[in-house]
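# Architecture at a glance
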Amino acid sequence: MSNDSYILTSSCPNRPGIVAAVARLLFENGGNIQEAHQYDDFESNQFFARIRFNFVDGAIEPFEQAFAPLANELQMRWTLRARSQKMRVLIMTSRSDHCLADLLYRWRIGELAIDLAGIVSNHPRETYLHHDLTGIAFDYLPVTAQTKAQQEAELWKIIQERNVDLVILARYMQILSNDLSTKLAGRCINIHHSFLPGFKGARPYHQAHSRGVKLIGATAHYVTADLDEGPIIEQDVERISHQDRPDDLVRKGRDIERRVLGRAVFWHTEGRVIPNGVKTVVFRD
């Protein structure tokens, strides 16, 4: 039995027999299902699935060749990736670096099985002297309203040259242009410092405090041209009280942001997030 395992994700119009057809094809090609999730969305009449499998007596190439005609027949959108093939990830950040610190920690201990393609910031490397960035490519790309197009051109060049699969906006406090957002559709995750939809714009925790809210939260979502309106991957909240001041909300908010972003990145890199129009299907671990 092969030690290599693969992740197959798929979505297609719902109909009887999809699971049976895929399972039979795996069996006929020596595949062994190790984990399987499925979901029928009755509103959109779409079927979603994630299957992790290996081979008892077979190989990936013959299975992939046999699967393609079935996927075409089922009008299926699908991805197939070896678990050993780590995603190439680029982290973008600004002065608030708590999410950066958390992602680096998860990467170093192996919780995030990714290849770190580098860090990009609109602040110089000296801003992060308290982090160990040894061996990590760091690109300082300052940006102003006048240089935004040039800065994004440099950023896109980095993404292409380093074969980046996923861009993480880890409190990167710059709005991506519509053009770049479109290019990165489905492979750029942002952490929003609010429980969307909610208090948008500047100083969200101060807005929340002025309204006397009892819950604060954070939202991880895919970036789209519609600001903060992309498909949501994960959210979390924390209860607060009248005793909490704005600084308390900021402190608690940092903790929510890092864990929400960490979960979203983990699920994406594990192939557990499948687009569903303006929403997502998330097969949680």
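Anyway, here's the lowdown on the structure attached to this text.

### Some thoughts on the packing of helix H3 (residues 98-108) against helix H7 (residues 246-269)
For any two helices packed against each other, the geometry comes down to the angle between their axes and how far apart the axes lie. Where H3 contacts H7, the axes come no closer than 9 Å and their chain directions differ by 45°. Accordingly, the angle class assigned to the pair H3 and H7 is oblique. Like other packed secondary-structure pairs, H3 and H7 cross with a definite hand, here right-handed. Two secondary-structure elements touch here, H3 through His98, Cys99, Asp102, Leu103 and Arg106 and H7 through Arg254, Glu257, Arg258, Arg259, Leu261, Gly262 and Val265. The class makeup of the residues in the contact of H3 with H7 is four nonpolar, two polar and six charged.

### Here we look at the layout of surface pockets
The probe, sized like a water molecule, is rolled over the atoms to show the empty space still left. The space that makes up the largest pocket amounts to roughly 740 Å³. Contributing to the lining of the largest pocket are 34 residues, with Tyr172, Met173, His192, His193 and Asp228 lying nearest its centre. The element contributing the most residues to the lining of the largest pocket is H7, with four residues. Broken down by class, the residue content of the lining of the largest pocket amounts to 13 nonpolar, 13 polar and eight charged. Space inside the second largest pocket adds up to approximately 530 Å³.

### Digging into the sheet that holds strand E2 (residues 31-41)
Strand order across the open sheet formed by four strands is E2-E3-E1-E4, with antiparallel pairing between neighbours. Edge positions in the sheet fall to E2 and strand E4 (77-82), since each has one partner strand and no second. Sheet twist, expressed as the mean angle between neighbouring strand axes with direction ignored, is 10°. Note: strand E1 (residues 5-13) against E4, six bridges, orientation antiparallel. Bridging from a neighbouring strand, Leu8 pairs with Leu80 of E4.

### Digging into helix H1 (residues 18-28)
Here H1 has its buried residues at Ile18, Ala21, Val22, Leu25 and Leu26. The buried side chains of H1 occupy one side of the element, clustering within an arc of 130° when seen end-on. Set apart from the buried face of H1 by more than 90 degrees, the exposed residues are Phe27 and Glu28. If you follow the buried residues of H1, they end up packed against E1, E2, strand E3 (46-55) and helix H2 (60-73).

### Details of H2
With 14 residues, H2 ought to run about 20 Å at 1.5 Å a step, and its terminal C-alpha atoms sit 20 Å apart, in line with that. Of all the bends in H2, the greatest, near 25°, is centred on Phe67, and the proline Pro69 appears no more than four residues after it. Buried within H2 are the following residues: Ile60, Phe63, Phe67, Leu70 and Ala71. Among the residues trailing H2, Gln75 stands out with phi positive, at a value near 55°.

### Some words on the packing of aromatic side chains
Tallied over the full model, the rule gives nine aromatic pairs. When the centroid spacing of 5.8 Å and the interplanar angle of 55° are considered together, the rings of Tyr128 and Phe138 count as tilted. In this pair, Tyr128 sits in the loop between strand E6 (114-121) and strand E7 (138-140) while Phe138 sits in strand E7, placing the two residues 10 residues apart along the sequence. Neither Tyr128 nor Phe138 differs from the other in exposure class; each is buried. Each residue in the set Tyr6, Phe53, Phe55, Phe63, Phe67 and Trp78 is aromatic and connected to the rest through ring pairs, giving one cluster.

About the cut-offs
- Residues numbered from 1 in each chain as written.
- Predicted model: local features only at pLDDT ≥ 70, side-chain atom pairs only at ≥ 80, totals over all residues.
- Heavy atoms only, no water.
- Axes fitted to C-alpha atoms, helices over the stretch in contact; angles between N-to-C directions.
- Helix = DSSP H or I, 4+ residues; strand = E, 2+ residues; numbered from the N terminus.
- Parallel < 35°, antiparallel > 145°, perpendicular 65-115°, else oblique.
- Left-handed = near helix turned anticlockwise from the far one by under 90°.
- Contact = heavy atoms within 4.5 Å.
- Nonpolar A, V, L, I, M, F, W, Y, C, P; charged D, E, K, R; others polar.
- 1 Å grid on protein atoms, 1.4 Å probe; cavity = no way out; pocket = protein on both sides within 12 Å on 5 of 7 lines; lining within 4 Å.
- Points joined across faces, edges and corners; volume = space filled by probe spheres on them.
- Pairing = 2+ DSSP bridges.
- Buried < 20%, exposed > 50% of the residue type's maximum accessible area, 1.4 Å probe, protein only.
- Arc of directions from axis to C-beta.
- Expected span 1.5 Å × (residues − 1).
- Bend = angle between axes of the 7 residues up to and from the residue.
- Phe/Tyr/Trp six-rings, centres within 6.5 Å; stacked < 30°, edge-to-face > 60°.

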